[in-house]
Amino acid sequence: MLTDQACRIHGISPDRDLTPEQSLAFYHPDDRDAVAAAFRRAVEEGVPYDIEVRLMTQEGEERWVRTRGEPQLDTSAAEVANGDASNGQDSSQGEIVRVRGTVQDITERRERRRELEQADTMFRGAQDALFLIDVDHAGGEPSFAIEKLNPTYEEATGMSAESVRGKTPVEAIGDEAGRFREARYQKCLDQEKPLEYEEEIPLEGEMTYWETRITPVLVEGTAEKIVGSTREVTGRKQREQFRRQRRQKVEALYEATNQLLRTEGKEAVGALLVDLVDETFDFAGTAVRFAKDGRLVPTSVSPALQAHMPERQSYNFDEETPVAESYRTGQTQVYHDLQEGDSAVNRGDIRAAAYVPMGHHGTLSVGSRRVGGIDSFDRRLVEVIADYATLVLGRVDREAVLRGAKEEAERARQEAEAASQAKSVFLANMSHEIRTPLTSILGFAEAIGEEVGGDDQTGKTDRSDVDLPALRQFAALIESSGERLMNTLTGVLNLSKLEAGEMNLAPEPVDLAKKAVQEFVPQARDAGVDLAAEGGQDAVWARADEGGVQIVLRNLLSNAVKYTGEGGAVRVSARTDGKQDAVLEVVDTGVGMDPAQVEDLFEPFRQESEGLAREYEGTGLGLAVTWKVLQQMEGGVEVETEKGEGTCFTVRLPAARVENGLDEP
């Protein structure tokens, strides 16, 4: 017989009876033998059974059932044989006359078990770091305990699932980080939806950064578990912090240069320079030494350096010391570990140092307490600010000379006004000429870093999707901006050296007819300008410095191409003018200029159009450098120009007579 519930499980009407054979037919073909064997043992051997098998209803639906069977004895026969039926169901004490059992539908339970097993397999095999948190509501307020960590999580964090199982977040990772996590878990429960956040976790004495996503597992409306995934982003955070620090330094440098360019007085420049470097960088100290009577004398020193390096000496120009060598050579001297060299100087706690020259004015020194603590980026920024200081000190010196020329008061007044105007133009032009390419360099360099950089903690990067054309374009823009920045600084430094008498020009025979113009052909072609050299093959010998002649030609050609519109032409020629002069001419068909402007054309930082609204970019130093170089080579330059008609520059140099390859007097 079957109860009504058993009939419903089989999918048959309650008034239907089944024989054991008919009942067996309802089981899945793959499970029938197991059911038949269990029933046979119960009948023949009196062995109970409890098995889980599949049952097919009359409508063809598959269900999982738990079926149990218990053999029943003929108790009257047992009493006759033994006088007592209390000894169990041993078939030797009576005949088995029935099998009584139950059938239970466990389809949903089996499905949940299968899903749990599948979920556990996926949990353990996942490539992401996963964790499972148990939520206990027994105390009213929910409490949280770690239930599972998958192997990826263990490997990423170094935590063992066994060591943290059952622990609260506070017990597992510490008070601050643990309470932060518990607050996130509580928020996830309150919102009943996934939550994403960033967290800091101290691991092995260092702070690490992670991106985490958690999701509540709801059972009948109550969150019983929280499942989460996390990945380490420490490398990305460090890179972001590194880029942010660099950007802050560059922005601080812009502000610093604006203050520096407006400073009056040599001592004020030194004091401000120390303050600006200390505020912008995390160096252990800064010192400025000015040249005085053949020695480099410390005049401005930061308080930090006084604490870390008590001894600060003056040095002769010719001493074999880092400071003096930097001043003599005009090159930055960097020492990543000062203890590697033998020195009698007591440098205190300073372990790394950089010594940056400021022309003939002195040096700027910075120090770090860490070995290798001055990286190339910081060194270059210090060099930039030192270059600015060099320019300002040059201006201060010029203004001092102007103020001292009492016998030429009117001329001094005019020169002071010109210097003031030059300073204003310098502030406008140089800020634009340095800020614009430097911003481009940093921006496109960061874009390249993001294009090829990786974010995963392993440091491995899939570079298959790198946009190579974009990288080439970024690299070309960086190169173009770098050339523009280099040209700007080269012009400024050349003028500074010429004014200081530090550019040595050695006169020798130079063939002006052979000076090449090929290096400007690409620039001219891009601008749509026809550039060519004219004249015969005969040599035109001048007595001049070959490098100086190249500076003159480069500046004149650069201006000619720049100010000649598309479709115009530039011609270069060389000739002799009697026995006294060798002549080099650069003629263009460009925009020309007002002849009244020629008088001031060779002043530093002068252009016909000035300020940020000027039509053509540039510092206005090229012709000033050209004039200074020609003066040192005992030459000169003449200009013929008309607005809209073009310009002709005529350079005159002392002629040299060469016979049989030798310079003749």
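For the structure, see preceding data.
What you see is a predicted model; the values in this text were computed from it and never measured.

Moving on, we get to the overall build of the protein. In terms of helices and strands, the protein carries 19 helices and 23 strands. For the protein, buried positions account for 39% of its 665 residues. Across the protein, contacts joining residues at least 24 apart in sequence account for 59% of those joining residues at least 6 apart. A total of about 36500 Å² of accessible surface is found on the protein, and carbon and sulfur atoms cover 47% of it.

The terminal C-alpha atoms of helix H3 (residues 29-45), which comprises 17 residues, lie 25 Å apart, in line with the 24 Å expected from a rise of 1.5 Å per residue. Every buried residue of H3 is listed here: Asp31, Val35, Ala36, Ala38 and Ala42. One side of H3 carries all its buried residues, which in axial view fall inside an arc of 165°. Turned more than 90 degrees from where H3 packs its buried face, Pro29, Asp30, Asp33 and Glu44 sit exposed. In the core, the buried residues of H3 are packed alongside helix H2 (20-25), strand E1 (49-56), strand E2 (62-73) and strand E3 (96-105). Immediately beyond the C-terminal end of H3, within one or two residues, lies Gly46, with a positive phi of roughly 75°.

This next bit is on the environment of Gly221. Topologically, Gly221 is positioned in the loop between strand E7 (206-219) and strand E8 (222-232). Note: C-alpha distance between Gly221 and Glu192 (29 residues apart in sequence) is 9.3 Å.

Summarising burial for strand E14 (residues 362-368): 7 of the 7 residues are buried, a large majority. Here strand E9 (residues 285-292) pairs with E14 via 6 bridges, running antiparallel. Pairing of Val288 across the sheet is with Leu364, part of E14.

Moving on, we get to the pairing of E2. Across 8 bridges, E1 lies against E2 in antiparallel orientation. Each residue of the ladder has a partner; that of Ile51, found in E2, is Thr67. If you look at the hairpin formed by E1 and E2, you'll find 5 residues sitting between the two strands, and Gly60 has a positive phi there, around 90°.

Glancing now at the pattern of salt bridges. In this structure the tally under the stated criterion is 26 salt bridges. With its nearest N and O atoms 2.7 Å apart, the salt bridge here joins Asp530 to Arg571. Of this pair, Asp530 sits in strand E16 (residues 530-533) while Arg571 is found in strand E18 (residues 569-577), placing the two residues 41 residues apart along the sequence. Given a relative accessible area of 40%, Asp530 falls into the partly exposed group. Each of Glu198, Glu211, Arg231, Arg236 and Lys237 takes part in salt bridges that share partners, so that together they form one network.

Spatial strand order, E16-E18-E19-E21-E20: 5 strands in an open sheet with mixed pairing. Across the chains shown, the open sheet's two edge strands, defined by having one partner strand only, are E16 and strand E20 (636-642). Here the strands of the sheet are splayed against their neighbours by 15° on average, with no regard to which way each runs. Both strand E19 (residues 581-588) and strand E21 (residues 646-654) contribute to a ladder of 8 bridges, which runs antiparallel. For Val586, the partnering residue across the bridge sits in E21 and is Phe649. Where helix H18 (residues 546-562) meets the sheet, its contacts fall on E16, E18, E19 and E21, and the angle it forms with E19 comes to roughly 20°.

Relative to the elements of secondary structure, Phe180 occurs in helix H9 (residues 175-191). Residue Phe180 is classed as partly exposed on the basis of its relative accessible area, which comes to 29%. Separated by 11 residues in the primary sequence, Phe180 and Pro169 have C-alpha atoms spaced 9.0 Å apart. If we ignore the near neighbours within four places in the chain, the residues touching Phe180 are Tyr197, Glu198 and Glu199.

The next point concerns the sheet that holds strand E11 (residues 315-316). Spatial ordering of the open sheet is given by E11-E10-E9-E14-E13-E12, a layout of 6 strands whose pairing is antiparallel. Across the chains shown, the open sheet's two edge strands, defined by having one partner strand only, are E11 and strand E12 (333-335). In this sheet, strand E13 (residues 352-357) lies alongside E12 in antiparallel orientation, the contact comprising 3 bridges. Looking across to E13, one finds that Tyr335 is bridged to Ala353. Where helix H13 (residues 322-329) meets the sheet, its contacts fall on E9, strand E10 (295-301), E11, E12, E13 and E14, and the angle it forms with E12 comes to roughly 150°. Running over the sheet, helix H14 (residues 376-404) touches E9, E12, E13 and E14 and is turned about 35° from E13.

One pass over the structure, following the stated rule, counts 5 aromatic pairs. The aromatic ring of Trp64 is capped on one face by Arg110, whose charged end is 3.7 Å from the ring centroid.

Where helix H11 (residues 266-280) meets H14, the closest approach of the two axes is 10 Å, and the angle between their N-to-C directions is 165°. Of the possible angle classes, the one that applies to H11 and H14 is roughly antiparallel. As for the relative orientation of H11 and H14, their crossing is right-handed in sense. Between H11 and H14, the residues in contact are Lys266, Val269, Leu273, Leu276 and Val277 and Ile385, Ala389, Val392, Leu393 and Val396, respectively. Among the residues forming the contact of H11 with H14, the class breakdown is 9 nonpolar, no polar and 1 charged.

With that settled, the discussion passes to H18. The end-to-end C-alpha distance of H18, which contains 17 residues, comes to 24 Å, matching closely the 24 Å that a straight helix rising 1.5 Å per residue would cover. Buried residues dominate H18, accounting for 12 of its 17 residues. Among the residues making up H18, those that are buried are Gly548, Val549, Gln550, Ile551, Val552, Leu553, Asn555, Leu556, Leu557, Asn559, Ala560 and Val561. At the N-terminal end of H18, a side-chain oxygen is found 3.0 Å from the backbone nitrogen of Gly547, two or three residues along, and the residue is Asp545.

Rules of the game
- Residues numbered from 1 in each chain as written.
- Predicted model: local features only at pLDDT ≥ 70, side-chain atom pairs only at ≥ 80, totals over all residues.
- Heavy atoms only, no water.
- Helix = DSSP H or I, 4+ residues; strand = E, 2+ residues; numbered from the N terminus.
- Buried < 20%, exposed > 50% of the residue type's maximum accessible area, 1.4 Å probe, protein only.
- Contact = heavy atoms within 4.5 Å.
- Areas by Shrake-Rupley, 256 points an atom, 1.4 Å probe, with all protein chains shown as cover.
- Expected span 1.5 Å × (residues − 1).
- Arc of directions from axis to C-beta.
- Pairing = 2+ DSSP bridges.
- Salt bridge = Lys/Arg side-chain N within 4 Å of Asp/Glu carboxyl O.
- Axes fitted to C-alpha atoms, helices over the stretch in contact; angles between N-to-C directions.
- Phe/Tyr/Trp six-rings, centres within 6.5 Å; stacked < 30°, edge-to-face > 60°.
- Lys NZ or Arg CZ within 6 Å of the ring centre and 35° of its normal.
- Parallel < 35°, antiparallel > 145°, perpendicular 65-115°, else oblique.
- Left-handed = near helix turned anticlockwise from the far one by under 90°.
- Nonpolar A, V, L, I, M, F, W, Y, C, P; charged D, E, K, R; others polar.
- Polar contact = N/O pair within 3.5 Å; in protein donor to acceptor, adjacent residues only side chain to side chain.

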